[in-house]
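Working through the structure, step by step
For reference, the chains in residue letters:
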Amino acid sequence: MSEQRIDKTWHADATVRHESTEQTYQRCLVMAGGGFRFGYYLGIYAACQERGKIPDVILASCGAAIAGTIIHHLPDNAQRLAWLTSPQMHTFWRGLQANPEKSLLKAIGGVARRALFANDVKRIPDLFQDYLFDIPAVLPLPDNANYSGAPDLAIVAGRLLFSKSEVGQLRGKRKLYAETIFSNQRVTNLLESMSSPLASPEWKHSAVASQLLFETQTPVADAVRASIADMYYFRCHQIGEHHYLGGVLDLFPIEIARKLGREVIMERKGLYNKFIDLPALRLVLGVHGNQRLHKVFQQQADYWVDTADMEQALVKHQISKQLFWLRNRLALRIPERHEDFVEMINLQWQYGYRKAMSAFNAK
């Protein structure tokens, strides 16, 4: 396996493989985040194949954008799992380093302030410097080879509508982000008339603009980096003159999925943590995360894959935060041995496969 940066953009022949660039897809698989456990999406996809539910488009956000890209570029399950468990991928995750400007006490203080004083994004947040971990420069992703039958890929991120010099200013009623879809022209044609679900009037404090933006010429690796730039965890990612917040902006894009595909496969995840996740979402996006989740669960999906117990089920060799009190530092606990890393990914794969098979069997 060679480690390469994807320098090409979305498949140039995407419109050739379909009768029309405006034709709705048969089936959309939503890959919604997953944190450091996104390997379970390869298991979900394998179950889709086994049960004849292969998606022709994948809608991915955050860490799931990595899994979606691997599926998009590699033709069989063995190759996909081998790539995700490769020494290069292990080295990449081991290369995540704590922000040297963010001490342990500063990190804990930031969490406490957000939990105690959470409000609906009154000031422009610092997504440029207020983060915990640096991501290595090069993601070890497959190159842009095409294979017959590959699902199309759409990746969710959020473009910042403010500059570094505006951080800390009062927001007023200003919109701070534009939901952005990185994909091909067919996806763009299907979605160009819709508004961002996060701009709905029911989210009256939302900082997300109504208009969806589309990028069809961005290198896939950049799209993935933009999508995994989770607020307060990683620095926002720059592409050209723009900076991007991660797919957390619209982590459960069921409305977009229903616009893309006649059939939708979606996760039913657990609720956000009320001390860490919910305050961050309110301060950055102006949206109550669990209210948004309940709204998602009220909508129609053809198959719901129940992953609400993921954190409890996938605890072995997991990637987690580690506190070094004496050194006043925060770090990530990542399996040191490659064989433990492989076991961790295999457990994720099996979990996803098992959960998806249960969803299909329930129909």
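What you are looking at is a predicted structure, and each value in this text was computed from that prediction instead of being measured.

**Side note on the pattern of salt bridges**
For the structure on display, the rule yields 13 salt bridges. Salt bridges here are not isolated pairs; linked through shared partners, they connect Asp250, Glu255 and Arg292.

**Considering the nonpolar core**
Trp93, Tyr177 and Leu245 are the most contacted members of the largest nonpolar core, which has 116 residues in total. Broken down by element, this core gets its largest block of residues, nine residues, from helix 12 (residues 338–361). Contact partners of Leu245, with chain neighbours within four places excluded, come to Leu127, Ala157, Gly158, Leu160, Tyr177, Ala226, Ala229, Met231, Val284 and Leu285.

**Overview of empty space enclosed by the protein**
Empty pockets left among the atoms are what a rolling probe the size of a water molecule brings to light. Applying the stated criterion across every chain yields a total of three cavities of 30 Å³ or more. Quantified by volume, the largest cavity comes out at close to 90 Å³. Residue lining of the largest cavity: Leu198, Val248, Leu249, Asp250, Leu251, Phe252, Tyr272, Leu281, Leu285, Val287, Gly289 and Arg292, and that is the complete set. Broken down by secondary-structure element, the contributors of at least two residues to the lining of the largest cavity are helix 9 (277–285) and helix 10 (289–297). In terms of residue class, the lining of the largest cavity is made up of nine nonpolar, one polar and two charged. By volume, the second largest cavity amounts to about 60 Å³. Forming the walls of the second largest cavity are Phe36, Arg37, Leu314, Val315, Lys316, Gln318, Ile319, Met344, Leu347 and Gln348. Residue classes in the lining of the second largest cavity are distributed as six nonpolar, two polar and two charged.

**Re helix 9**
In terms of burial, helix 9 is a largely internal element, seven of the nine residues being buried. For helix 9, every residue scored as buried is listed here: Leu278, Pro279, Ala280, Leu281, Leu283, Val284 and Leu285. Where helix 9 is buried, its residues contact helix 5 (104–116), strand 6 (177–182), strand 9 (242–245) and helix 10. Gly286 lies just past helix 9 and shows a positive phi near 75°.

**Comments concerning the confidence of the model for the chain**
Looking at the chain, the pLDDT average stands at 88 and 90% of residues meet or exceed 70. Contacts for the low-pLDDT stretch residues 1–8, under 50 throughout, to residues beyond four places or in other chains number 27 contacts. Across residues 12–19, where pLDDT falls below 50, the model places 10 contacts with residues more than four positions away in sequence or in other chains.

About the thresholds
- Residues numbered from 1 in each chain as written.
- Predicted model: local features only at pLDDT ≥ 70, side-chain atom pairs only at ≥ 80, totals over all residues.
- Heavy atoms only, no water.
- Salt bridge = Lys/Arg side-chain N within 4 Å of Asp/Glu carboxyl O.
- Core = buried A, V, L, I, M, F, W, Y, C linked by side-chain atoms within 4.5 Å.
- Buried < 20%, exposed > 50% of the residue type's maximum accessible area, 1.4 Å probe, protein only.
- Helix = DSSP H or I, 4+ residues; strand = E, 2+ residues; numbered from the N terminus.
- Contact = heavy atoms within 4.5 Å.
- 1 Å grid on protein atoms, 1.4 Å probe; cavity = no way out; pocket = protein on both sides within 12 Å on 5 of 7 lines; lining within 4 Å.
- Points joined across faces, edges and corners; volume = space filled by probe spheres on them.
- Nonpolar A, V, L, I, M, F, W, Y, C, P; charged D, E, K, R; others polar.
- pLDDT = per-residue confidence, 0-100.

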